[in-house]
Amino acid sequence: MQTRFAGFADPVLDAQAGFRAVLEAMSRPGRVQQMVAPPEVPPGLSPAAASVLLTLADAATPLRLAAGAEAEAWARFHCGCPLVADGAAFVLDPAASLLALDAGTEEEPERGATLILEVASLQEGPRDERCWRLTGPGIKDAQRLQVGGAPAGFVADWARNRARFPRGVDVILCAGTRIAALPRSVSIEDA
Amino acid sequence: MTRDPGYNFAYLDESTKRMIRRAILKGVAIPGHQVPFGAREMPLPYGWGTGGIQVTAAVIGPADVLKVIDQGADDTTNAVSIRAFFRRVAGVATTERTAEATVIQTRHRIPERALTENQILVYQVPMPEPLFRLEARIAETKRMHALADYGLMHVKLYEDIARHGHIATSYNYPVMVNGRYLMSPSPIPAFDNPKMDRMPALQLFGAGREKRIYAVPPYTSVRSLDFEDHPFRPIRAPHACTLCGARDSYLDEVLTDDRGGRIFVCSDTDHCAERQASREAAE
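This is a predicted model, so every value here is computed, not measured.

## Structural notes on helix 4 (residues 138-146) of chain B
Residue and element names in this part refer to chain B.
Item 1. Of all the positions in helix 4, only Thr-141, Met-144, His-145 and Ala-146 are classed as buried.
Item 2. The inward-facing, buried residues of helix 4 contact helix 5 (151-164) and strand 7 (181-183).
Item 3. At the C-terminal side of helix 4, Ala-148 shows a positive phi close to 50 degrees.

This is how it looks when you write it as structure tokens:
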């Protein structure tokens, strides 16, 4: 199957801007960043998730993708990445369990997978409402993040992911054109 | 500044940049852990900042303002040529002012001015492995990092105290990052170590010859190793800067003649120039 959908308008500079957004998100967990959106995205992917894949995935990164045939054809063409079921470096699959993904080894924890998780909404720090309270490297005191539509039991799973540090899975949350990241070093409290 | 169209933006090809970017992200997620990467041959020799340049090339964009320092100075060969390199291949603006820069590549110093959240500090690292003088086998040091087994480094510092009465390490002083990984801060003076602790700016480290990238995210604990009865002390020459009078900056000793004449001046040239300008303005 061929794809009808384009990639980045400017593959070099959009990828650079996309990387800086992901880098900013990863180094300041819980802060919401705006992604550079490609002009069109295949059905099944949010603009932010598509942008993360265009920025980081390529032939060297096996991808586990469950977003429909259009998205698979698009990823295969624009990223050139092998699509796999096991041993993926990037995972974009709502059925993927945080604790079942490759977490790397004690000696090579960098081999841990990156989970790209589509959620309904991302909002920084509303004071009065129910939200996550993040602490850890990259955060001055505490960062509040409201995530709409996170998988059930995510915070409990995250505590177990955090407990196996330095092994672990890193998460990039995507909602529309916005992202926030959860590196494995961060702790989440449901406040 | 227009860039040379004969090169891809920021010199490296896109797949190399993606590989470096992925390594940087994993480095940020595991503070202080050395992530291997496929360092490329760069148009300058190892030891001149090939690791730092590759990290900068993967990070920098057209809106960035780049500052490069070599031992604190903006006007040395290495700093001047790396700035010229990025002006040519990326067309970015460069500056000598710490306050104006968004990306600062450094060889062996941290600027005196406190860095902000909007800045990224890129270190050039000759030897990323803090344990390499104690254990030459990489397979062994990897295991020691995996087990957080850093007793050997404490023994080394203890032997310093036994021999010299104090810890005789004045640069490349080992640090613990986020209480987990022992990390080489690159050969910055121990004087600069406290600036790394909970720094608002992101700190990235690139070692080209050794092919390692590591990182310290903002606001992350960076503690210099020490003992309760021999606490870490940052050392500086007990003088004032001859040019600007600073008593709190790191100083270089400069010989002025062949009859023993010497002066002490700030190693951070921008900091010194700023202080001299404000002193002149006040007079």
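## Regarding the nonpolar core
Item 1. Counting residues in hydrophobic clusters, the biggest one holds 71 residues, and the most contacted among them are Ile-24 and Phe-86 of chain B.
Item 2. Membership of the second largest hydrophobic core comes to 27 residues, among which are Ala-88, Leu-101, Trp-132 and Val-147 of chain A.

## Topic: the interface of chain B and chain A
Item 1. Of the residues lining the interface, 41 residues belong to chain B; the matching set on chain A comes to 39 residues.
Item 2. A combined buried area of about 3,200 Å² lies between chain B and chain A, and 59% of that area is made up of carbon and sulfur atoms.
Item 3. By the criterion of area lost to chain A, the three top residues of chain B are Arg-22, Leu-25 and Lys-26 of chain B, representing 19% of everything that side buries.
Item 4. Here chain B is connected to chain A by six salt bridges.

## Considering the packing of aromatic side chains
All names here are of chain B.
Item 1. Within the structure shown, the criterion is met by nine aromatic pairs over all chains.
Item 2. Judged by centre distance (4.1 Å) and plane angle (10 degrees), the ring pair of Tyr-123 and Phe-205 falls under stacked. In this pair, Tyr-123 sits in strand 5 (residues 120-124) while Phe-205 sits in strand 8 (residues 202-207), placing the two residues 82 residues apart along the sequence. Taken as a pair, Tyr-123 and Phe-205 share a single burial class, namely buried.

## Some points on the sheet that holds strand 7 of chain B
Residue and element names in this part refer to chain B.
Item 1. In space, the three strands of this open sheet follow the order 7-6-10, with antiparallel pairing throughout. With one partner strand each, in any of the chains shown, strand 7 and strand 10 (222-224) form the two edges of the open sheet. Across the sheet, the axes of successive neighbouring strands diverge by a mean angle of 35 degrees, strand direction being ignored.
Item 2. As paired elements, strand 6 (residues 175-177) and strand 7 share three bridges and run antiparallel to each other.

## Looking at helix 4 (residues 154-163) of chain A
All names here are of chain A.
Item 1. Phe-154, Val-155, Trp-158 and Asn-161 are the residues of helix 4 that are buried. End-on, the buried residues of helix 4 take up no more than an arc of 110 degrees, which puts them together on one face. Those residues of helix 4 that are exposed and angled more than 90 degrees off the buried face are Ala-156, Arg-160 and Ala-163.
Item 2. Looking at the buried positions of helix 4, the neighbouring elements they touch are strand 4 (114-118), strand 6 (132-135), strand 8 (170-175), strand 9 (178-182) and strand 10 (187-190).

Criteria and thresholds
Residues numbered from 1 in each chain as written. Chains lettered and ligands numbered in written order. Predicted model: local features only at pLDDT ≥ 70, side-chain atom pairs only at ≥ 80, totals over all residues. Heavy atoms only, no water. Buried < 20%, exposed > 50% of the residue type's maximum accessible area, 1.4 Å probe, protein only. Helix = DSSP H or I, 4+ residues; strand = E, 2+ residues; numbered from the N terminus. Contact = heavy atoms within 4.5 Å. Core = buried A, V, L, I, M, F, W, Y, C linked by side-chain atoms within 4.5 Å. Buried area = accessible area lost by both parts, 1.4 Å probe. Salt bridge = Lys/Arg side-chain N within 4 Å of Asp/Glu carboxyl O. Phe/Tyr/Trp six-rings, centres within 6.5 Å; stacked < 30°, edge-to-face > 60°. Pairing = 2+ DSSP bridges. Axes fitted to C-alpha atoms, helices over the stretch in contact; angles between N-to-C directions. Arc of directions from axis to C-beta.

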